[in-house]
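Spelled out, the chains give:
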Amino acid sequence: RSIAFVREFDDSTLLYVLDSVGGTPRRLVPQLRFAWWPDWSPDGQSLLFTAGEQHGVDVHLIHPDGSGLRTVLHDSAADFRCPAWAPDGRRFTLSAYRAGRSSILEVDVASRSTRTLLASDTSYVDCPRWSPRGDAIVFTIDPTPGDIWARWKKNPLEPWRADLAILDLQTGRVRTLVGGPGMSNYGHWSPDAEWIVFQSERHAAPHIDSLPLRDRFHALEIYVVRPNGSDLRRLTGNDYYDGHPSW
């Protein structure tokens, strides 16, 4: 019955909750100026989110009425992105960046203990999402190491490249779900685990990489694909920035 969202201002990124049948958005954690990536727990009783300055981003937990704020993951030498609950509501996964290397972690909420599910020093792994069946994680992989956004800010004309991949949690094996051309990222499972929705500019003309970063976003469209890689479909086609899809 509630929707969590981020409201961006020039000098801050704030977390809000809105009643889905109407009402005024309520700001959560007013003491934090930068908050991102809210994700509802399976029982709807709490929100995971990241917060912090540009460096040293931690993971927090809060009830939707604003009570119970606590830090569940802190590392002064690391940044965290995209926390996503496991179906059991006791764990979550996220991407971590430390000393130029990226990894995907599993975190136990009660004990705050972490386990590395996947680590890479030759690529950039990002934004994992747990399957509703609990057996796999979809995530983004960029073949170039280092922070993808920092690279683009430094060189806006750097070519986009990112693929979607799936990590099998039983075997530990990684397989490419959607490869090139271009960038495909931010995968989200359907509730029945039969589809994965994502954003991509794989259809864009080759000259897209010669455009400024701002203009390249208009090439992003929404796609769906089966978890086995079949039945890839493009759902939108326009001159707008269509991105960050979620079931």
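Look a little higher up for the structure.
Residues numbered from 1 in each chain as written. Predicted model: local features only at pLDDT ≥ 70, side-chain atom pairs only at ≥ 80, totals over all residues. Heavy atoms only, no water.

Caption draft 1: Structural detail: the overall build of the chain. For the chain, the count of helices and strands is 2 helices and 19 strands. Since a compact globule built from 247 residues should have a radius of gyration of about 18 Å, the 18 Å found for the chain is in line with a globular shape. Across its three principal directions, the C-alpha atoms of the chain cover 50 × 45 × 40 Å. Looking at the chain as a whole, 45% of its 247 residues are labelled buried. Considering only residue pairs separated by 6 or more positions, the chain has 39% of its internal contacts joining residues 24 or more positions apart. In the form shown here, the chain has an accessible surface area of approximately 12,500 Å², with 50% of it arising from carbon and sulfur atoms. Here the chain contributes 27 positive and 31 negative side-chain charges, whose respective centroids are spaced 2 Å apart. (Helix = DSSP H or I, 4+ residues; strand = E, 2+ residues; numbered from the N terminus. Rg over C-alpha atoms; globule rule 2.2 N^0.38 Å. Buried < 20%, exposed > 50% of the residue type's maximum accessible area, 1.4 Å probe, protein only. Contact = heavy atoms within 4.5 Å. Areas by Shrake-Rupley, 256 points an atom, 1.4 Å probe, with all protein chains shown as cover. Lys, Arg positive; Asp, Glu negative; His and termini not counted. Charge placed at Lys NZ, Arg CZ, Asp CG, Glu CD.)

Caption draft 2: Up close: the state of the cysteines. Scanning the entire structure with this criterion turns up 1 disulfide. Each sulfur in the disulfide pair C82 and C127 lies 1.9 Å from the other. Of the two residues, C82 sits in strand β8 (residues 78-85) while C127 sits in strand β12 (residues 124-130), which places them 45 residues apart along the sequence. Both residues of the pair, C82 and C127, belong to the buried class. (Disulfide = S-S within 2.5 Å.)

Caption draft 3: Expanded view of the sheet that holds strand β10 (residues 101-108). Ordered by their spatial adjacency, 4 strands build an open sheet running β8-β9-β10-β11, and the pairing between neighbours is antiparallel. Either end of the sheet is taken by a strand with one partner, and the two such strands are β8 and β11 (114-120). Taken over all neighbouring pairs, the strand axes of this sheet differ in orientation by 25 degrees on average, direction set aside. Examined bridge by bridge, β8 and strand β9 (residues 91-98) share 6 bridges and lie antiparallel to one another. Paired with W85 across the strands is F92, a residue of β9. (Pairing = 2+ DSSP bridges. Axes fitted to C-alpha atoms, helices over the stretch in contact; angles between N-to-C directions.)

Caption draft 4: Quick look at the pairing of β12. Most of β12 sits inside the fold, with 7 of its 7 residues counted as buried. Counting the residues that bridge the hairpin from β12 to strand β13 (residues 136-142) gives 5 residues, and of these G134 lies at a positive phi of roughly 80 degrees.

Caption draft 5: Structural view of the nonpolar core. In this structure, L48, V59, F80, F92 and L94 are the most contacted members of the largest nonpolar core, which totals 14 residues. Where this core is concerned, the elements lending two or more residues are β6 (58-62), β7 (70-73), β8, β9 and β10. Those residues in contact with F80, other than ones at most four positions away along the chain, are T50, V57, D58, V59, L73, H74, D75, L94, S95, A96 and L105. (Core = buried A, V, L, I, M, F, W, Y, C linked by side-chain atoms within 4.5 Å.)

Caption draft 6: Quick look at the side chain of D163. Along the chain, D163 falls in strand β14 (residues 163-168). A polar contact of 2.9 Å, which involves the side chain of D163, links it to the side chain of R161. Contact partners of D163, with chain neighbours within four places excluded, come to F139, T140, I141, V178, G179, G180 and S184. (Polar contact = N/O pair within 3.5 Å; in protein donor to acceptor, adjacent residues only side chain to side chain.)

Caption draft 7: Spotlight on the side chain of R129. Within the fold, R129 resides in strand β12. Looking at R129, its side chain comes within polar contact range of the side chain of D39, at 3.0 Å.

Caption draft 8: Here's a closer look at the packing of aromatic side chains. Inspection of the entire model under this criterion finds 6 aromatic pairs. Measuring from centroid to centroid gives 6.2 Å for F34 and W36, while their planes differ by 20 degrees, and the two rings are stacked. Since its relative accessible area comes to 25%, W36 is described here as partly exposed. Their ring planes at 15 degrees and their centres at 4.8 Å tell us that Y97 and Y124 sit as a pair that is stacked. Separated by 27 residues along the polypeptide, Y97 in strand β9 and Y124 in strand β12 bring together distant segments of the chain. For the pair Y97 and Y124, one class covers both residues: buried. The ring of Y16 has R7 sitting right over it, with the charged end atom 4.5 Å from the ring centre. (Phe/Tyr/Trp six-rings, centres within 6.5 Å; stacked < 30°, edge-to-face > 60°. Lys NZ or Arg CZ within 6 Å of the ring centre and 35° of its normal.)

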